[in-house]
Amino acid sequence: MKSLSQKSDEKLCVMVSEGNRAAEECLVIRYRRMVRVYTRPYFLAGGDSEDLLQEGMIGLLSAIRTFDAKRDVRFQRYAETCIQNRLRSIVRSAASGKHEPLNQAISLELSDGGKSDSYCEKLGMEKNPEEALINREELSLRVDNLVDELSAFEEKVLRFYLGGLSYSQIAFLTGRQVKAVDNAIQRIRRKAIPYFSSGGNSVS
């Protein structure tokens, strides 16, 4: 890690694109303070500063993974844009719905292992706008009910997981062991089954 700390942001991004996880962690550590600075002006309805920090970190990780070193732009400027766009999007979504970011990202994998008749898959098969609206509202209620059952750690893990982070990255950002993250995701999947499996009707 010491030798990595001496490399430029752009070089580290190239290494990340080649599959170097240590380079990614080096960039996360290098820019973690900047993420915290950018979260300060924002207010998240129904959330707190820690929630915003998590979302900012997802924006940072997105920047690290999508940065193109061939373009004539510095990584720092690109990361700033990705982080701010993520924060603005989350704040707008939170203003219109408590768990809207999760509603948009909820995964089939969390419910019944990807069975073809799962509830979430049917959301893409609406025949008319009225049906689409009803299904989205029902999904929102199901997500609200699920998240209400999660512990603070489980909700944090879910947000990172849906943000595309690996178990090891979630462990790194939360300061927990990979096994603890794995156990949390397994608990989330079990809790999600009543809400997202076919025939699930736990929306009271």
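Residues numbered from 1 in each chain as written. Predicted model: local features only at pLDDT ≥ 70, side-chain atom pairs only at ≥ 80, totals over all residues. Heavy atoms only, no water.

Draft legend 1. Representation of the packing of aromatic side chains. Within the structure shown, the criterion is met by 3 aromatic pairs. Ring plane angle 80° and centroid distance 5.3 Å describe the contact between Tyr31 and Phe75, whose orientation is recorded as edge-to-face. Residue Tyr31 is found in helix α2 (residues 21-39), and its partner Phe75 is found in helix α4 (residues 75-96); the two are separated by 44 residues along the sequence. The pair Tyr31 / Phe75 is uniform in exposure class, with both members buried. Considering the side-chain rings of Phe67 and Phe75, the 5.4 Å spacing of their centres and the 90° angle between planes classify their relative orientation as edge-to-face. (Phe/Tyr/Trp six-rings, centres within 6.5 Å; stacked < 30°, edge-to-face > 60°. Helix = DSSP H or I, 4+ residues; strand = E, 2+ residues; numbered from the N terminus. Buried < 20%, exposed > 50% of the residue type's maximum accessible area, 1.4 Å probe, protein only.)

Draft legend 2. A look at the pattern of salt bridges. According to the stated counting rule, one finds 7 salt bridges in the structure shown. Lys179 is the salt-bridge partner of Asp182, the closest N and O atoms lying 3.9 Å from each other. Residue Asp182 and its partner Lys179 are both found in helix α10 (residues 178-196); the two are separated by 3 residues, about one turn of the helix. When salt bridges that share partners are traced, they join Glu154, Arg187 and Lys191 into one network. (Salt bridge = Lys/Arg side-chain N within 4 Å of Asp/Glu carboxyl O.)

Draft legend 3. Local environment of a positive patch on the surface. Taken together, the side chains of Arg32, Arg33, Arg36 and Arg40 present a region of like positive charge at the surface. With respect to the element layout, Arg40 can be found in the loop between α2 and α3 (49-66). Classification of Arg40 as exposed rests on a relative accessible area of 63%. (Patch = residues over 30% accessible without salt bridge, like charges linked within 9 Å, V, L, I, M, F, W, Y side chains within 5 Å. Areas by Shrake-Rupley, 256 points an atom, 1.4 Å probe, with all protein chains shown as cover. Lys, Arg positive; Asp, Glu negative; His and termini not counted. Charge placed at Lys NZ, Arg CZ, Asp CG, Glu CD.)

Draft legend 4. Broad picture of the environment of Val37. Relative to the helices and strands, Val37 is located in helix α2. On the basis of relative accessible area, Val37 is assigned to the partly exposed category, the value being 36%.

Draft legend 5. Spotlight on helix α9 (residues 167-174). Within α9, burial applies to Gln169, Ile170, Ala171, Leu173 and Thr174. Phi turns positive, to about 75°, at Gly175, one or two residues after α9.

Draft legend 6. Highlighting the environment of Lys7. With respect to the element layout, Lys7 can be found in the segment before α1 (9-17). In sequence terms Lys7 and Cys26 are 19 residues apart; their C-alpha atoms lie 9.7 Å from each other.

Draft legend 7. Looking closely at the nonpolar core. Leu27, Leu60, Ile64, Phe75 and Val157 are the most contacted members of the largest nonpolar core, which has 44 residues in total. When contributions to this core are tallied by element, the ones reaching two or more residues are α1, α2, α3, α4, α8 (152-162), α9 and α10. Looking at this core element by element, the count peaks at 8 residues for α3. If near-sequence neighbours (up to four positions away) are discounted, Leu27 is found in contact with Asp9, Leu12, Cys13, Val16, Leu60, Ile64 and Phe75. (Core = buried A, V, L, I, M, F, W, Y, C linked by side-chain atoms within 4.5 Å. Contact = heavy atoms within 4.5 Å.)

Draft legend 8. Layout of α2. When the terminal C-alpha atoms of α2 are compared, their 25 Å separation across 19 residues agrees well with the 27 Å that a helix rising 1.5 Å per residue should span. The largest bend along α2 measures about 45° and falls at Tyr31. Taken together, the buried positions of α2 are Ala23, Glu24, Cys26, Leu27, Val28, Tyr31, Met34, Val35 and Thr39. For α2, the side-chain oxygen to backbone nitrogen distance between the N-cap and Ala22 is 3.0 Å, and the N-cap itself is Asn20. (Expected span 1.5 Å × (residues − 1). Bend = angle between axes of the 7 residues up to and from the residue. Polar contact = N/O pair within 3.5 Å; in protein donor to acceptor, adjacent residues only side chain to side chain.)

Draft legend 9. Here's a closer look at the packing of α2 against α9. At their nearest, the axes of α2 and α9 sit 12 Å apart, and the two run at 30° to each other. Relative to α9, the element α2 is oriented roughly parallel. As α2 runs across α9, the sense of the crossing is right-handed. Across the interface between the two elements, Arg21, Glu24, Glu25, Val28 and Ile29 from α2 touch Ser168, Gln169, Phe172 and Leu173 from α9. Here the residues of the contact of α2 with α9 sort into 4 nonpolar, 2 polar and 3 charged. (Axes fitted to C-alpha atoms, helices over the stretch in contact; angles between N-to-C directions. Parallel < 35°, antiparallel > 145°, perpendicular 65-115°, else oblique. Left-handed = near helix turned anticlockwise from the far one by under 90°. Nonpolar A, V, L, I, M, F, W, Y, C, P; charged D, E, K, R; others polar.)

Treat this as a map of the structure, not an account of what it does.
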